[in-house]
Protein chains: 2
Amino acid sequence: MVQSLNSGSNKIASERMRRKSEARRLDILRAAARVFRRSGVAAAGMREIAEEADLSPGNLYYYFAGKDELLFFCQDRTVDRMLEAAEAARASTMPVADQLRAVIRAHLHYTLEELEGATAHLEIDMLADDLRRTIIEKRDKYEHAVRALIAKGVKRGEFAPCDAALVARAMLGALNWTSRWYRPEGAQSVAAIAEGLADYLVRGVAAAAPAKTAPVRAVSGGRK
Amino acid sequence: MVQSLNSGSNKIASERMRRKSEARRLDILRAAARVFRRSGVAAAGMREIAEEADLSPGNLYYYFAGKDELLFFCQDRTVDRMLEAAEAARASTMPVADQLRAVIRAHLHYTLEELEGATAHLEIDMLADDLRRTIIEKRDKYEHAVRALIAKGVKRGEFAPCDAALVARAMLGALNWTSRWYRPEGAQSVAAIAEGLADYLVRGVAAAAPAKTAPVRAVSGGRK
């Protein structure tokens, strides 16, 4: 009985430690992402990242074996969140256009804000082969999820017929490219950029083709 | 008289040599661009580029001082061609949607085919400061030209009101991103990709906003 009580409080304590360590790891990833953006992934050093995270280099190495691992976890976390957002959108009952808007919003939030992933998010060439493969597989899965949303919109008549694979790549390109020009100190917030891009990128599929669809149908076609 | 005849034929000969050297330089740039794509800019070596161009390394150095210079000329040539295309489109009497389509077509041709610029086109971080500044200035000029085309379309009523700066960046992002996924051995030609992307990217601006514009006006609104 004492044994089992102890084991119970041990479980709670170890769960608390796990969460604390997880939170600390996320803090470190955020610091690393800031350094990656500021100095570039190639030039960023573990010492600079430790300083940014308010840790001694030794302490940093306790959490992450090296820059490679930090970069991997930045990217892995980002793509996991984007996959979750795509799955949540897919499972919702919103019009497909709104599902797509939700994905666009989440994409920009996670790549520009949450981890300030920016460039780091895209620089997978620096990863070791097995880590890179993991990221590429998840990204492919994400790209397929976006493509499936577009295809669903077409099937439901919400979107005009299009090459869903090509359009998905165009959307992701436009979204990923923001990390090349977005500056936190700039005039537009990430939320404002997300709305502007969602307007443009969704209109490109949602708009009825001028010649192919009669105007009356275009308006009664359930577009929101 | 003899003097001046000689000077005339010298001029022709030197003009011929200049052109020959120019053609040789372009051949080398093409070879370099292939190597940059195959091996990545960081890993590409002058020896590999020389082999690809069927030159001895010494001969390659006669034309280009180093990888940095090769990368610069690849990018410089590409952005010059894109600027020319944007200027030609702007000066034409076509509907603005077609001007934009022409720019999209040229962008993909010059970045994916002409110099197979692909990744190389985008990796400006590797350039020395002054070379990088030159490329960035020209790119900014190009981005402004695309933005101006969009703004012109809005002003003429061909396009729906939009944030021209943001839309221009979205378009360029979608176009530049092709270099991340395009494979010459893939199923779609560059021309087919260009048409598909032009359809999608232009429709996003050309489409009348569903709620804001009456259907009859949308159809008679001069869209081509």
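The structure this text deals with has already been given above.
Residue indices follow the written sequence of each chain, beginning from 1 at its first position. Each chain takes a letter, starting from A, and each ligand takes a number, starting from 1, following the order in which they are written. Whole-chain, interface and lining totals are the exception, using all residues; otherwise, since this is a predicted model, local features are given only for residues with pLDDT of at least 70 and side-chain atom pairs are given and counted only at 80 or more.

Peer 1: What is the right way to read unusual backbone geometry from this model?
Peer 2: It is generally the case that most residues other than glycine have a negative phi and that most peptide bonds are trans. Residue and element names in this part refer to chain A. The backbone of Asp54 shows a phi angle near 60°, a positive value even though the residue is not glycine. Tracing the backbone through its elements, the reader meets Asp54 in the loop between α2 (46–52) and α3 (57–63). Residue Asp54 is classed as exposed on the basis of its C-beta count, with 11 C-beta atoms lying within 10 Å. A run of DSSP states H or I qualifies as a helix once it reaches four residues; a run of E qualifies as a strand once it reaches two. Both are numbered from the N-terminal end. Exposure classification rests on a simple neighbour count of other C-beta atoms within 10 Å of a residue's own: a residue reaching 20 or more is buried, one at 12 or fewer is exposed, and one in between is partly exposed. C-beta atoms are placed from the backbone.

Peer 1: Which parts of the structure should I look at to understand helix α7 (residues 129–155) of chain B?
Peer 2: The periodicity of an α-helix, 3.6 residues per turn, causes residues three or four positions apart to be oriented the same way. Residue and element names in this part refer to chain B. Here α7 is 27 residues long and its end C-alpha atoms lie 38 Å apart, about the 39 Å a rise of 1.5 Å per residue gives. Contacts are defined on C-beta atoms placed from the backbone: any two residues whose C-beta positions lie within 7 Å are in contact. Those residues of α7 that are buried are in contact with α4 (67–91), α5 (96–114), α8 (164–181) and α9 (190–206). Of the residues flanking the end of α7, it is Gly157, one or two places downstream, whose phi is positive at about 80°. A helix's residues, less one, multiplied by 1.5 Å, set its expected span.

Peer 1: How should the packing of α4(B) against α5(B) be read in this particular structure?
Peer 2: Axis angle and axis distance: for two packed helices, these are the angle between their axes and the distance between the axes, and together they describe the pair. Residues and elements named next belong to chain B. Lines are fitted to the C-alpha atoms to define the axes, a helix being fitted only along its stretch in contact, and any angle between axes, read from their N-to-C directions, falls within 0 to 180 degrees. Where α4 meets α5, the closest approach of the two axes is 9 Å, and the angle between their N-to-C directions is 165°. Considering the angle they form, α4 stands roughly antiparallel to α5. Where α4 crosses over α5, the handedness of that crossing is right-handed. Along its contact with α4, which presents Thr78, Arg81, Met82, Ala85, Ala86, Ala89 and Arg90, the element α5 presents Gln99, Ala102, Val103, Ala106, His107, Tyr110, Thr111 and Glu114. Polar here means any residue outside two lists: the nonpolar Ala, Val, Leu, Ile, Met, Phe, Trp, Tyr, Cys and Pro, and the charged Asp, Glu, Lys and Arg; Gly therefore counts as polar. For the contact of α4 with α5, a count of residues per class yields 8 nonpolar, 4 polar and 3 charged. With respect to orientation, any angle under 35 degrees is reported as roughly parallel, any angle over 145 as roughly antiparallel, any angle of 65 to 115 as roughly perpendicular, and every other angle as oblique. Definitions for this section: a left-handed crossing has its near helix turned counterclockwise from the far helix by less than a right angle. A right-handed crossing has that turn clockwise.

Peer 1: It is not clear to me how the environment of B:Asn176 should be interpreted in this structure. Could you clarify?
Peer 2: Residues and elements named next belong to chain B. Along the polypeptide, Asn176 turns up in helix α8. For Asn176, a count of 19 C-beta atoms within 10 Å translates into the label partly exposed. Distance from Asn176 to Leu112, taken between C-alpha atoms, is 9.4 Å for residues 64 residues apart in sequence.

Peer 1: I tried to follow the packing of helix α5 (residues 96–114) of chain A against helix α9 (residues 190–206) of chain A on my own but got confused; where do I start?
Peer 2: Residue and element names in this part refer to chain A. Following both chains from N to C, one finds α5 and α9 inclined at 145°, their axes separated by 9 Å at the closest point. The way α5 lies across α9 gives a crossing that is right-handed. The segment α5 lies against α9, with Ala97, Leu100, Arg101, Ile104, Arg105, Leu108, His109, Leu112 and Glu113 engaging Val190, Ile193, Ala194, Leu197, Ala198, Leu201, Val202 and Ala206. For the contact of α5 with α9, the residue count by class is 13 nonpolar, 1 polar and 3 charged.

No statement about biological role is implied by the geometric values presented.
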